Amino acid sequence: MGIVLGIESSCDETAAALVDSDRRVLAQRIASQDEAHRPYGGVVPEIAARAHAERLAPLIEAVLEEAGLGLADVDAIAATAGPGLIGGVMVGLVTAKALAMAADRPLIAINHLEGHALSPRLADASLQFPYLLLLVSGGHCQLLEVRGVGQFRRLGTTIDDALGEAFDKTAKILGLGYPGGPAVERLALQGDAKAVPLPRPLLGSAEPHFSFAGLKSAVLRAKEAGIHANADIAAAFQQAAIDCVIDRTRKALGIAEAPTALVVAGGVAANKAVRGALEALAGQHGLPFVAPPPALCTDNAAMIAWAGIERLGQDDPLDFVARPRWPLDPDAAPARGAGVKA
Ligand code: KG4
Ligand code: ZN
């Protein structure tokens, strides 16, 4: 039995949560910075770091109070230590170090991507290793074999944009504002996906990598043609993206070694159409499909606290340095055609 305080600050959500080893979320708070970044159409790192610094301490106080606990009742303090916007990561990690020192509790430095990757196990106690994970967020788009805590084999990644990034850019092109994913999903419900022909990059290629830059450019051209309804473009984009995701994931299912389930995590996993298509694919392969509830898909601290529970006993030193880049599978070969992004 253990209780972990989790802290998340790697992008534009400031969050704190208390989770125990019985998978109970004792308390959690998230302060979104959407309003602060909206005028810029994306996350501004400096604004994000300042907002984290202002908001984090009161959030931590609030979750402790809500759970009726003090720091002395907590078995470890887990914080996202990368990858992400480094200013924000440093705010969360330094706060966690200070609390760990003050309360004489161990620090556990969490890879944000591992937080996403293990979040389905917080939601579903029956999920066992190994599983095939589609990790789709604003910064990442990967197919991973999750063999255990800290044990990942990357089967595929994007050679340009992440899937969430493609949703956000489509939203921007259509004038839907920021953050874009949920807005595109809502508008797509009213559109006809067949009304706008769009490409499906890398469909059928041998390795399960992704590419969304060409799709995004095609969305821009469709918009600039001035003849399509926004809803039709949104629906066509979402369908093209889903066709790519399903084809690439099917390919990965053929490579993965005896996965117990098909699992999706990360912000884009909140999308109902994406979830529905993946569930059907899992069914075709006779596998269970596991997706965390939407609130656990987008950035949150419960998943960081849960990763801390999974890592309880594996303390990190107080001089652990925040990492702007931190791949889950450092041995993975770069995807052919990959640019500077990972
Ligand atoms: O995991 P997350 O909250 O932050 C990162 O670590 O990146 O993912 C955020 C991404 C954004 O690109 C957002 O547009 C996308 O997830 N997203 C969605 C939906 N909800 C969030 N994309 C499509 N449909 C959604 N419902
Ligand atoms: Zn994330």
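Our subject in this report is the structure included herewith. Being a predicted model, the structure only gives us computed values, none of them experimental.

## A word on the sheet that holds strand 4 (residues 76-82)
In step 1: Within the open sheet, the five strands sit side by side as 3-2-1-4-5. Their pairing is mixed. This sheet does not close on itself; its edge strands, each paired only once, are strand 3 (25-32) and strand 5 (107-111). Going from strand to strand, the sheet's axes swing by 20° on average, the running direction of each strand aside.
In step 2: Of the pairings in the sheet, the one linking strand 1 (residues 3-8) to strand 2 (residues 13-20) comprises six bridges and is antiparallel in character. Each bridged residue has a counterpart across the sheet, and for Leu5 the counterpart in strand 2 is Leu18.
In step 3: Across the sheet, helix 2 (residues 45-67) touches strand 1, strand 2 and strand 3, and the angle it forms with strand 2 is around 25°.
In step 4: Against the sheet, helix 3 (residues 86-103) engages strand 1, strand 4 and strand 5, with an angle of about 160° to strand 4.

## Things to note about the coordination of the zinc ion (ligand 2)
In step 1: Those protein atoms acting as donors to the zinc ion (ligand 2) are His112 (NE2), His116 (NE2) and Asp299 (OD), and they sit at 2.0 to 2.1 Å.
In step 2: Taken together, the four donor atoms coordinating the zinc ion (ligand 2) and their angles of 94 to 144° define a geometry best described as irregular.
In step 3: Counting residues between consecutive donors of the zinc ion (ligand 2) along the chain gives the motif H-x3-H-x182-D. Here Asp299 lies in the loop between helix 10 (294-297) and helix 11 (302-310) and His116 lies in helix 4 (residues 112-123), a separation of 183 residues in the sequence. You'll find His116 and Asp299 in the same group, each marked buried.

## Re helix 8 (residues 230-255)
In step 1: The terminal C-alpha atoms of helix 8, which comprises 26 residues, lie 38 Å apart, in line with the 38 Å expected from a rise of 1.5 Å per residue.
In step 2: Counting buried residues in helix 8 gives 19 out of 26 residues, a clear majority hidden from the surface.

Criteria and cut-off values
- Residues numbered from 1 in each chain as written.
- Chains lettered and ligands numbered in written order.
- Predicted model: local features only at pLDDT ≥ 70, side-chain atom pairs only at ≥ 80, totals over all residues.
- Heavy atoms only, no water.
- Pairing = 2+ DSSP bridges.
- Helix = DSSP H or I, 4+ residues; strand = E, 2+ residues; numbered from the N terminus.
- Axes fitted to C-alpha atoms, helices over the stretch in contact; angles between N-to-C directions.
- Contact = heavy atoms within 4.5 Å.
- Donors = N, O, S within 2.8 Å, 3.2 Å for Na, K, Ca; no water.
- Tetrahedral: all angles 85-135°; square planar, octahedral: opposite > 155°, others 65-115°.
- Buried < 20%, exposed > 50% of the residue type's maximum accessible area, 1.4 Å probe, protein only.
- Expected span 1.5 Å × (residues − 1).

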